[in-house]
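# Residue-level structure breakdown
Chain residues, written in single-letter form:
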Amino acid sequence: MADTTDTITTTIAQIEKLKEDVDAERRIVSALPPVHTRCEEATLKAQHCKLLAEKEELYELTREEQRIATIARLQEQLHPPTTDDSGHECPICLDTIDLQGLDTTTILVCCGHFLCLECTEANASQSEENKMRSCPLCRAPFPRDAEEMNRKVEILAERGNPMAQAKVGDWYMKGVNGRPVNYAKAHQMLERSAENRNALSLMLLATAHMKGSGVPQSKSKAMMYMKKSADVGYAVAQHILAVQFYLKAGGKANQRQAVFYTTLAYHNKHDGNKSSRFGSVSSQLGYWFYHGSCGLTKSLILAKHYLEQSAAKGFERSYYLLAKTLCELTKLQYKDMPKDIPGYCATPMIIHWARKAATSRDANRLNAASLVAEMEADSKQTCAMCCGKAKSFPKPMKRCMRCKAVWYCGRKCAMKHGKQGHQKDCIPVGLK
């Protein structure tokens, strides 16, 4: 407990020091006069504005880390893990395995112990002669095929292994892996597993009660089981539960619960998948910070932080909001200044994400297309380097081949602009 108190005290002192740095830099920027044309004074002010932006971002992110740590600590106090939830070691690397992080473990069907995902993948990547062919603990040979694997999992379930029971229950619920649909058998297995706080079985029972699969449909029981799975530490259940609280009527209490469980899912390194109807955890946090909703204070910096993570993973819902966030943040951070100073221009990234939104299935794709058209029309009027008007040049202007967001009158201006800072502004190589 003393260590936790010391950590909190250190974090608070760190945040206070960062706040002092931000205030000091803000006073410097405020003392500089407004600049409306590109010149040395504009570049100097842009440097200070960027430094202020970096310090503000560090300050906001440190505060956000503290918020996440506080929620994780509260959850652990309310629902302390048992020896069945944690404390297991991978027999190869000896790292502790979180058994509720179901996507990070592999069950050994011979003895019921677990390997971490890293060791499983490392073994799979080995050449045939170097692969492990037997359990590192009980030395039983690994199953030769999927049928033998499934048979051993079922034997393990009959012996009382909670994870195996959850898997077999799921097979009978869906009628897969050679098992017929048998709701009675499925619920028997899942309930036995749930008695041992197995997160997967609790979530599967929640799904069964939500759909009425083998039991009377009951939303209240579904929420009860989903909450139990989430409180055990299953990040997928935390994400789904957060969405249910967010969609549920009831005001601020449900909104706080939505933020609480979304934050836990993010803390447990879960961000959903692109095909999920629930979207992305990071995009949801970004949305709330952008709008200042669900009890979170509006922060364009944190909205950008989360939306960039979501967009980088291909969540289409984040593209347009990220473009809007970058647009507003740039105006806020570089106000009373030209928007096209090389090295300090966000136009390429804004147009990049708006273009992706315009070609996606997102509901805002038409708005994104309008934003792209507006910004391109403005950008192509002048050479990005010499600021000459497009109409004054004998030949059509050419745009940057990578970002396709800025136009030049010729090769010399393009090369000079790159050296002056456009290489920093242009979209990174490999960004999709």
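Here, the structure is the one placed above.
Attention here is on the structure that accompanies the text. In this text, all values refer to a predicted model and were calculated from it rather than measured experimentally. (Residues numbered from 1 in each chain as written. Predicted model: local features only at pLDDT ≥ 70, side-chain atom pairs only at ≥ 80, totals over all residues. Heavy atoms only, no water.)

## Topic: the overall build of the chain
To keep it simple, the criterion reads: Here a helix means four or more residues in a row that DSSP labels H or I, a strand means two or more in a row labelled E, and each is numbered from the N terminus. Every residue pair with non-hydrogen atoms within 4.5 Å of one another is taken to be in contact. Per-residue and other accessible areas were derived by the Shrake-Rupley procedure at a 1.4 Å probe size, with only the shown protein chains allowed to occlude residues. A positive count includes Lys and Arg, and a negative count includes Asp and Glu. His and the chain ends are not counted in either. For this purpose, a charge sits on NZ of Lys, CZ of Arg, CG of Asp or CD of Glu.
Per the secondary structure count, the chain includes 16 helices and six strands. Overall, the chain is about 80 × 50 × 45 Å in size when its C-alpha atoms are taken along their principal axes. Put simply, of all contacts in the chain between residues at least 6 apart along the chain, 58% involve residues at least 24 apart. Of the roughly 23,700 Å² that the chain leaves accessible, carbon and sulfur atoms contribute 53%. If the 61 positive side-chain charges of the chain are averaged to one point and the 46 negative ones to another, these points end up 8 Å apart.

## Some words on unusual backbone geometry
In this structure, arginine 197 takes a positive phi of about 60° despite not being glycine. With respect to the element layout, arginine 197 can be found in the loop between helix H6 (183-194) and helix H7 (199-211). Despite not being glycine, cysteine 387 has its phi angle at roughly 65°, a positive value. Mapping cysteine 387 onto the fold places it in the loop between helix H15 (365-379) and strand S5 (398-399).

## Looking at helix H16 (residues 411-425)
Rules: The span one expects for a helix is its residue count, reduced by one, times 1.5 Å. Bend at a given residue is defined as the angle between two axes, one fitted to the seven residues that end at that position and one fitted to the seven that begin there. Buried residues are those whose accessible area, probed at 1.4 Å on protein chains only, stays under 20% of the maximum for their type, while exposed residues exceed 50% and partly exposed ones sit between those limits.
Compared with an ideal rise of 1.5 Å per residue, which puts 15 residues at 21 Å, H16 spans 18 Å between its outermost C-alpha atoms and falls more than 12% short. A maximum bend of about 75° is found in H16 at lysine 419. Along H16, the positions that sit buried rather than exposed are Cys413, His417, Gly418, Gly421, His422 and Asp425. Looking at the buried residues of H16, the elements they touch are helix H14 (347-358) and strand S6 (407-408).

## Remarks on the packing of aromatic side chains
Quick reminder of the rule: A pair of Phe, Tyr and Trp rings is counted when the ring centres sit within 6.5 Å of each other, with Trp represented by its six-membered ring. The angle between the planes then sorts it: under 30 degrees is stacked, over 60 is edge-to-face, the rest tilted.
All chains considered together, the criterion is met by seven aromatic pairs. Measuring from centroid to centroid gives 5.2 Å for phenylalanine 260 and tyrosine 261, while their planes differ by 85°, and the two rings are edge-to-face. The class for tyrosine 261 is buried, based on a relative accessible area of 2%. Centroid distance phenylalanine 289 to tyrosine 306: 5.9 Å. Interplanar angle 5°. Geometry classified as stacked. Within this pair, whereas phenylalanine 289 is found in helix H11 (residues 281-291), its partner tyrosine 306 is found in helix H12 (residues 300-312), the two being separated by 17 residues in sequence. Taken as a pair, phenylalanine 289 and tyrosine 306 share a single burial class, namely buried.

## A word on the nonpolar core
Under the convention used in this document: By nonpolar core is meant a set of buried Ala, Val, Leu, Ile, Met, Phe, Trp, Tyr and Cys residues that side-chain atoms within 4.5 Å join together.
Ranked by internal contacts, the top residues of the largest apolar core, which has 90 residues, are Tyr261 and Ile350. Those residues in contact with tyrosine 261 that lie beyond four places of it in its chain are Lys227, Ala230, Asp231, Gln238, Leu241, Ala242 and Phe245. Ranked by size, the runner-up nonpolar core spans 14 residues in total, among them Ile15, Val22, Met337 and Ile341.

## Quick word on the environment of glutamate 65
Here glutamate 65 shows up in helix H2 (residues 40-78). A sequence separation of 202 residues divides glutamate 65 from histidine 267, and the C-alpha atoms of the two residues are 9.6 Å apart.

## Here's the deal with the pattern of salt bridges
Our working rule: One speaks of a salt bridge when a side-chain nitrogen belonging to Lys or Arg is within 4 Å of a carboxyl oxygen belonging to Asp or Glu.
The final tally for this structure, using the stated rule, is 17 salt bridges. Note that glutamate 57 and lysine 304 form a salt bridge whose closest N and O atoms lie 4.0 Å from each other. Of the two residues, glutamate 57 is situated in helix H2 and lysine 304 in helix H12; the sequence distance between them amounts to 247 residues. Through salt bridges with shared partners, one network takes in Lys19, Asp23, Arg26 and Glu56.

## Observations regarding a nonpolar patch on the surface
Heads up, the condition is: Residues enter patches when they are more than 30% accessible in relative terms and free of salt bridges; like-charged ones are connected within 9 Å and nonpolar ones (Val, Leu, Ile, Met, Phe, Trp, Tyr) within 5 Å.
The grouping of Tyr246, Leu247 and Tyr287 at the surface amounts to a nonpolar patch, some 300 Å² of accessible area in total. Inspection of the secondary structure puts tyrosine 287 in helix H11. The partly exposed category is assigned to tyrosine 287, whose relative accessible area is 35%.

## Some details on the state of the cysteines
Rule in force here: What counts as a disulfide here is a pair of cysteine sulfur atoms lying within 2.5 Å.
All told, the structure shown has zero disulfides when counted by the stated rule. With no disulfide partner, cysteine 387 has as its closest neighbouring cysteine sulfur the one in cysteine 386, 6.7 Å distant. Judged by relative accessible area, which is 38%, cysteine 387 ranks as partly exposed. Between cysteine 413, a free cysteine, and cysteine 409, which holds the nearest cysteine sulfur, the sulfur-to-sulfur gap is 3.5 Å.

## Overview of the packing of helix H8 (residues 219-232) against helix H9 (residues 235-247)
The cut-off we apply is this: Axis lines are fitted to C-alpha atoms, over the contacting stretch for helices. Their N-to-C directions set the angle, which ranges from 0 to 180 degrees. If an angle is under 35 degrees, it is roughly parallel; if it is over 145, roughly antiparallel; if it lies from 65 to 115, roughly perpendicular; otherwise it is oblique. Working rule for handedness: look at the near helix, and if it is turned counterclockwise from the far one by less than a right angle, call the crossing left-handed; if clockwise, right-handed. For this classification, Asp, Glu, Lys and Arg are treated as charged, while Ala, Val, Leu, Ile, Met, Phe, Trp, Tyr, Cys and Pro are nonpolar and the rest, including Gly, are polar.
Running from N to C, H8 and H9 cross one another at 135°; their axes reach a closest spacing of 8 Å. The pairing of H8 with H9 is recorded here as oblique in orientation. Note that H8 runs across H9; the crossing there is left-handed. Across the interface between the two elements, Lys219, Met223, Met226, Lys227, Ser229 and Ala230 from H8 touch Ala237, Gln238, Ile240, Leu241, Gln244 and Phe245 from H9. Taken together, the residues of the contact of H8 with H9 sort by class into seven nonpolar, three polar and two charged.

## Observations regarding the side chain of threonine 347
Checked against the element boundaries, threonine 347 lands in helix H14. We classify threonine 347 as buried; its relative accessible area is 16%. Contact partners of threonine 347, with chain neighbours within four places excluded, come to Met375 and Ala405.

## Observations regarding the side chain of glutamate 154
Stated precisely, the cut-off is as follows: Definition of a polar contact: a pair of N or O atoms within 3.5 Å, with one able to donate and the other able to accept a hydrogen when the atoms are protein atoms, and with sequence-neighbouring residues admitted only if both atoms are side-chain atoms.
Locating glutamate 154 in the fold gives a position in helix H4 (residues 146-158). For glutamate 154, a relative accessible area of 15% gives the class buried. Looking at glutamate 154, its side chain comes within polar contact range of the side chain of tyrosine 172, at 2.8 Å.

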